[in-house]
Amino acid sequence: MGPAILVDKSTFQSLSKGEVFYLRQYYHVVYCSTLFYETLADLAKCSDIEAGKKEVSKISYKINGMDTCFTTEFRELLTAELFGYEIEMNGKPILSGGRDVVVDEGNRGVFFDEPPEYEALRKWTGGEYSEAEKQLAENWRNSTKNITLDKAKNQSDSFKKIKNVDELKKFTTEILENPEFQLDLLQLVLSGITFRQDIRDKVCKRWLDFGMPLIKNYAPYTYYYLLVNLTFHLGVSRNLVSDRLTNIIDLEYVYYLPFCKVFTSSDKFLRNFSQLFLTEGQTFTWGEDLKSDLKAFCDYWGEKGDDERFRYQQDYENYPPDIPGSLTCSIWQKWARTGRRKQEKLTLERKKEIMKKLKPIMEQIKKIEKE
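These figures come from a predicted structure and were not determined experimentally.

## Description of the sheet that holds strand β2 (residues 28–31)
Here comes step 1: Here 5 strands make up an open sheet; going across it, the order is β3-β2-β1-β6-β7 and the pairing parallel. Each edge of the sheet is formed by a strand with only one pairing partner; in this case those strands are β3 (68–70) and β7 (283–286). Averaged over all pairs of adjacent strands, the angle between their axes in this sheet comes to 25 degrees, without regard to strand direction.
Here comes step 2: Both β2 and β3 contribute to a ladder of 3 bridges, which runs parallel. The partner of Tyr31 across the bridge, within β3, is Phe70.
Here comes step 3: The sheet strands contacting helix α16 (residues 287–304) are β1 (4–7), β6 (262–265) and β7, and the helix crosses β7 at an angle near 80 degrees.

## Details of the side chain of Asn247
Here comes step 1: Relative to the elements of secondary structure, Asn247 occurs in helix α14 (residues 247–255).
Here comes step 2: Its relative accessible area of 0% is what places Asn247 among the buried residues.
Here comes step 3: Among the polar contacts made by the side chain of Asn247, one reaches the side chain of Arg244 at a distance of 2.8 Å.
Here comes step 4: Other than its neighbours up to four places away in sequence, Asn247 contacts Phe232, Ser242 and Phe269.

## Focus: the nonpolar core
Here comes step 1: One finds Leu23, Tyr221, Leu257, Phe273 and Phe277 to be the most contacted residues of the largest nonpolar core, which totals 88 residues.
Here comes step 2: Tallying contributions element by element places helix α13 (residues 220–237) first for this core, with 11 residues.
Here comes step 3: Excluding residues within four positions of it along the chain, Tyr221 makes contact with Phe74, Leu77, Leu78, Glu81, Ile87, Met89, Tyr255, Pro258 and Phe259.

## As for the confidence of the model for the protein chain
Detailed reading of the predicted model is not advised wherever pLDDT is low.
Here comes step 1: Within the protein chain, residue pLDDT values average 78, and 67% of them lie at 70 or more.
Here comes step 2: Segment residues 98–103 is flagged for pLDDT under 50; beyond a separation of four residues in sequence, or across chains, it makes 27 contacts in the model.
Here comes step 3: Across residues 108–112, where pLDDT falls below 50, the model places 20 contacts with residues more than four positions away in sequence or in other chains.

## Digging into the environment of Val30
Here comes step 1: Along the chain, the position of Val30 falls in strand β2.
Here comes step 2: Remark: the alpha-carbon pair of Val30 and Phe263, spanning 233 residues in sequence, is separated by 9.4 Å.
Here comes step 3: When sequence neighbours within four positions are dropped, the list of residues in contact with Val30 reads Ala4, Ile5, Leu6, Val7, Cys69, Thr71, Pro93 and Phe259.

## Focus on the pairing of β6
Here comes step 1: Covered by surrounding structure in β6 are Val262 and Thr264 together with Phe263 and Ser265, the residues of both alternating faces.
Here comes step 2: As judged from the 3 bridges shared by β1 and β6, these two strands associate in the parallel manner. In the sheet register, Leu6 faces β6, and the bridge partner there is Phe263.
Here comes step 3: On the question of chirality, the crossover connecting β6 to the parallel β7 by way of helix α15 (residues 268–274) is right-handed.

## Regarding the packing of aromatic side chains
Here comes step 1: This structure, assessed with the given rule, holds 22 aromatic pairs.
Here comes step 2: Measuring from ring centre to ring centre gives 6.0 Å for Phe232 and Phe273, while their planes differ by 85 degrees; the resulting arrangement is edge-to-face. Of this pair, Phe232 sits in helix α13 while Phe273 is found in helix α15, placing the two residues 41 residues apart along the sequence.
Here comes step 3: Judged by relative accessible area, which is 4%, Phe273 ranks as buried.
Here comes step 4: With centroids separated by 5.2 Å and ring planes inclined at 55 degrees, the aromatic side chains of Phe273 and Phe277 adopt a geometry described as tilted. You'll find Phe273 and Phe277 in the same group, each marked buried.
Here comes step 5: By the ring-pair criterion, three or more aromatic residues cluster together here, those being Tyr221, Tyr224, Phe232, Phe259, Phe269, Phe273 and Phe277.
Here comes step 6: Here the guanidinium or amino end of Arg271 rests over the ring plane of Trp286, the centre of that ring lying 4.6 Å away.

## Quick notes on the packing of α13 against α14
Here comes step 1: The geometry of α13 relative to α14 is characterised by a closest axis approach of 10 Å and an angle of 150 degrees between their N-to-C directions. As the angle between them shows, α13 and α14 are arranged roughly antiparallel. α14 is crossed by α13, and the crossing has right-handed handedness. Of the residues in α14, those touching α13 at Tyr221, Tyr224, Tyr225, Val228, Asn229, Phe232 and His233 are Asn247, Ile248, Leu251, Val254 and Tyr255.
Here comes step 2: For the contact of α13 with α14, a count of residues per class yields 9 nonpolar, 3 polar and no charged.

## Some remarks on the packing of helix α10 (residues 182–192) against helix α11 (residues 197–209)
Here comes step 1: α11 packs onto α10 with a crossing angle of 150 degrees between their chain directions and a minimal axis gap of 11 Å. Compared by their axis directions, α10 and α11 come out roughly antiparallel. The element α10 and its partner α11 pack so that their crossing is right-handed. Residues Gln182, Leu183, Leu186, Leu190 and Ser191 of α10 pack against Arg200, Val203, Cys204 and Trp207 of α11.
Here comes step 2: Of the residues that constitute the contact of α10 with α11, the class distribution is 6 nonpolar, 2 polar and 1 charged.

Definitions and limits used
Residues numbered from 1 in each chain as written. Predicted model: local features only at pLDDT ≥ 70, side-chain atom pairs only at ≥ 80, totals over all residues. Heavy atoms only, no water. Pairing = 2+ DSSP bridges. Helix = DSSP H or I, 4+ residues; strand = E, 2+ residues; numbered from the N terminus. Axes fitted to C-alpha atoms, helices over the stretch in contact; angles between N-to-C directions. Contact = heavy atoms within 4.5 Å. Buried < 20%, exposed > 50% of the residue type's maximum accessible area, 1.4 Å probe, protein only. Polar contact = N/O pair within 3.5 Å; in protein donor to acceptor, adjacent residues only side chain to side chain. Core = buried A, V, L, I, M, F, W, Y, C linked by side-chain atoms within 4.5 Å. pLDDT = per-residue confidence, 0-100. Right-handed = clockwise from strand over helix to strand, strands pointing away. Phe/Tyr/Trp six-rings, centres within 6.5 Å; stacked < 30°, edge-to-face > 60°. Lys NZ or Arg CZ within 6 Å of the ring centre and 35° of its normal. Parallel < 35°, antiparallel > 145°, perpendicular 65-115°, else oblique. Left-handed = near helix turned anticlockwise from the far one by under 90°. Nonpolar A, V, L, I, M, F, W, Y, C, P; charged D, E, K, R; others polar.

Given below as structure tokens:
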């Protein structure tokens, strides 16, 4: 399993099936709910419903596969954190729905049911859509038409002059770390994820009980969400960020940056805006460059043949072969911090030992699946 790569729709649509194969081969592909809903919205975008189904089926076929996952929706993460759950922002996706598996020896593990997104995608691949999903597609499409950034643009006189996006982020950080604004910021988040009033009261009471700390220290992911959101809206007000209406939807991809090592997009807004929030250990990859790189692997292994590719995997597992100038190879070198090296082959005794340990875990998983 390679570095976690967050893929947006603009990149994903451009990839051929062969390129998607090698994307999964050399990366742990991370999707978010934004891609899911944008895909579903293609149903409503096409005047010809059959053409819409064909487009959704094509995308959903490419999304399904090994070494892929949907990271937890950002509103769920905000909710969980504000109720006291720690959200790790370490470049790894966060999965929902895990259940403990305990074997006789006392060893513990976590079993994850199939995410609902994958169940839906399987149906979409075959052209099956419920009436609710069709309505959801229409609602999502209509909601994007109703987006307006006029309010943000009209607030420009309320802020001091800011010359560039770096100054913009610094200014936003000053707002977020001002003790006087903490309650207002907390309420801004609560209104944004549409909590009922009684839930809002519980969240605020918990924050008060902790002594009204800075959100940065109290709820780091919530702080990150606010930093992204306010930087965007203040940037629009200063004409430092494009006010294209679809950007408010694309912005959601930036909410998921803490849960990947690589982010890829073919959208100019996301390329420019995401740079403000990527950490030293993360990489942005332009979608067209990634596509060209994956095509190089298609050509490389196409010349070598399946047998040679299989033997290579036996020796080096998923580490990409050395292709001069390869983007993926450079990402692996940065992420893995070790060069390509042959893997130690498992002896028959070691294989038996591993299977012995796995057997009780698999038995527990079967019990859970029957429940």
